[in-house]
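A structural walkthrough
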Amino acid sequence: EACRENALRLKNLSDDMFSYFLVFGRSESGLNPVSVNVRTLAEQVFSEHGILLSEKGYKFKTSGELPDKSVKIDERYFKRVIDNVFSNIIKYADIETAVELCSGYSDGFITLSCKNKIRTDKDIPESNGIGLKTCMKMMEEMGGDLKTEECDGYFSVTITLPVEMENDKSDP
């Protein structure tokens, strides 16, 4: 069992390092941005990953509303960012406290955020931080942002993306 856990830990570390070097070591952008409705995006993210959280025994609550506007994202990159965020919740969140999933819109930007109480038991997996750094870089390349904060035993991740202007939706 210990060997299997160490092998899995090494595999995850090598996957994280590969992702890190893939994003930070490129000389050209491999983005393929597409316009996505922000309401649809938030509903899809929160419903798919809400089911995953529920299956793992986590409670969650959602809040916020989004306008009927679009953002440009590289779907592959965005999926990796969201998968990393929710994978971290499952690894590091206290299962007894509900995870807060929020969406919002202000000043031309949408936000998707997750906040959870940090586990305090002794079986917390080690973190190398490569996954979040890679996600920050991916969001930056998509014109957005990913910020993290740790305060009073809680950890939060906020993803921000600029909405498309109405006249930016159509290609000439």
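As shown above, the structure is provided for reference.
First things first, this report covers the structure right here in the doc. (Residues numbered from 1 in each chain as written. Predicted model: local features only at pLDDT ≥ 70, side-chain atom pairs only at ≥ 80, totals over all residues. Heavy atoms only, no water.)

This part takes up the overall build of the chain. When helices and strands are tallied, the chain shows four helices and seven strands. Mapped from its N terminus to its C terminus, the chain presents α and β elements in the order α-β-α-β-β-α-β-β-α-β-β. When each of the 172 residues of the chain is scored for burial, the buried share is 34%. When contacts within the chain are restricted to residue pairs at least 6 apart in sequence, those whose partners lie at least 24 apart make up 79%. (Helix = DSSP H or I, 4+ residues; strand = E, 2+ residues; numbered from the N terminus. Buried < 20%, exposed > 50% of the residue type's maximum accessible area, 1.4 Å probe, protein only. Contact = heavy atoms within 4.5 Å.)

Turning our eyes to something else, we now look at the pattern of salt bridges. Side-chain pairs of opposite charge can arise whenever the charged atoms involved come near each other. One pass over the structure, following the stated rule, counts five salt bridges. Between arginine 119 and aspartate 121 there is a salt bridge, with the nearest N and O atoms lying 2.8 Å from each other. Residue class for arginine 119 comes out buried when judged on its relative accessible area of 18%. When the shortest N-O distance is used, the salt bridge between lysine 137 and glutamate 140 registers 3.7 Å. In this pair, lysine 137 and glutamate 140 are both assigned in helix α4 (residues 130-141), three residues apart and thus about one turn of the helix distant. Overall, glutamate 140 belongs to the exposed group, its relative accessible area being 52%. (Salt bridge = Lys/Arg side-chain N within 4 Å of Asp/Glu carboxyl O.)

Moving on to the packing of helix α3 (residues 75-92) against α4. For any two helices packed against each other, the geometry is given by the interaxial angle and the distance between the axes. At a minimum axis separation of 9 Å, α3 and α4 run at an interaxial angle of 150 degrees. The crossing of α3 and α4 is left-handed. When α3 is examined against α4, the residues Tyr77, Phe78, Arg80, Val81, Asn84 and Asn88 are found in contact with a partner set consisting of Gly131, Leu132, Cys135, Met138, Met139 and Glu141. In terms of residue class, the contact of α3 with α4 is built from seven nonpolar, three polar and two charged. (Axes fitted to C-alpha atoms, helices over the stretch in contact; angles between N-to-C directions. Left-handed = near helix turned anticlockwise from the far one by under 90°. Nonpolar A, V, L, I, M, F, W, Y, C, P; charged D, E, K, R; others polar.)

Judged by nonpolar contacts, the single largest core of 34 residues is most densely connected at Phe78, Phe86 and Leu146. Elements supplying a minimum of two residues to this core: α2 (38-55), β3 (70-74), α3, β4 (99-106), β5 (109-117), α4 and β7 (154-162). At seven residues, α3 tops the list of elements feeding residues into this core. (Core = buried A, V, L, I, M, F, W, Y, C linked by side-chain atoms within 4.5 Å.)

Moving on, we come to α2. For α2, built from 18 residues, the straight-helix expectation of 26 Å at 1.5 Å per residue is met to within 8% by its first-to-last C-alpha distance of 26 Å. Residues Val38, Leu41, Ala42, Val45, Phe46, His49, Gly50 and Leu53 constitute the buried set of α2. Along the axis of α2, the buried residues cluster in a sector spanning 140 degrees; they form a single face. Those residues of α2 that are exposed and aimed more than 90 degrees away from the buried face are Glu43, Ile51 and Glu55. By the N-cap criterion, in which a side-chain oxygen at the helix start approaches the backbone nitrogen of a residue two or three places on, α2 is capped by asparagine 37, the distance to arginine 39 being 2.9 Å. Glycine 57 sits one or two residues past α2 and shows a positive phi near 95 degrees. (Expected span 1.5 Å × (residues − 1). Arc of directions from axis to C-beta. Polar contact = N/O pair within 3.5 Å; in protein donor to acceptor, adjacent residues only side chain to side chain.)

With that out of the way, let us pick up the packing of aromatic side chains. The description of an aromatic ring pair uses the distance of the two centres, along with the angle that the planes make with each other. Applying the stated rule across the entire model yields zero aromatic pairs. Here lysine 115 stacks its cationic end above the ring of tyrosine 154, 5.3 Å away from the centre of that ring. (Phe/Tyr/Trp six-rings, centres within 6.5 Å; stacked < 30°, edge-to-face > 60°. Lys NZ or Arg CZ within 6 Å of the ring centre and 35° of its normal.)

A few words on the pairing of strand β6 (residues 145-151). Two elements, β6 and β7, share seven bridges in a ladder whose sense is antiparallel. Among the inter-strand pairings, cysteine 151 is bridged to a residue of β7, identified as tyrosine 154. Counting the residues in the hairpin turn of β6 and β7 gives two residues, including aspartate 152, whose phi is positive at 50 degrees. (Pairing = 2+ DSSP bridges.)

Attention now goes to the side chain of histidine 49. Tracing the backbone shows histidine 49 in helix α2. Overall, the relative accessible area of 9% leaves histidine 49 in the buried class. Side chain to side chain, histidine 49 and aspartate 83 meet in a polar contact 3.5 Å long.

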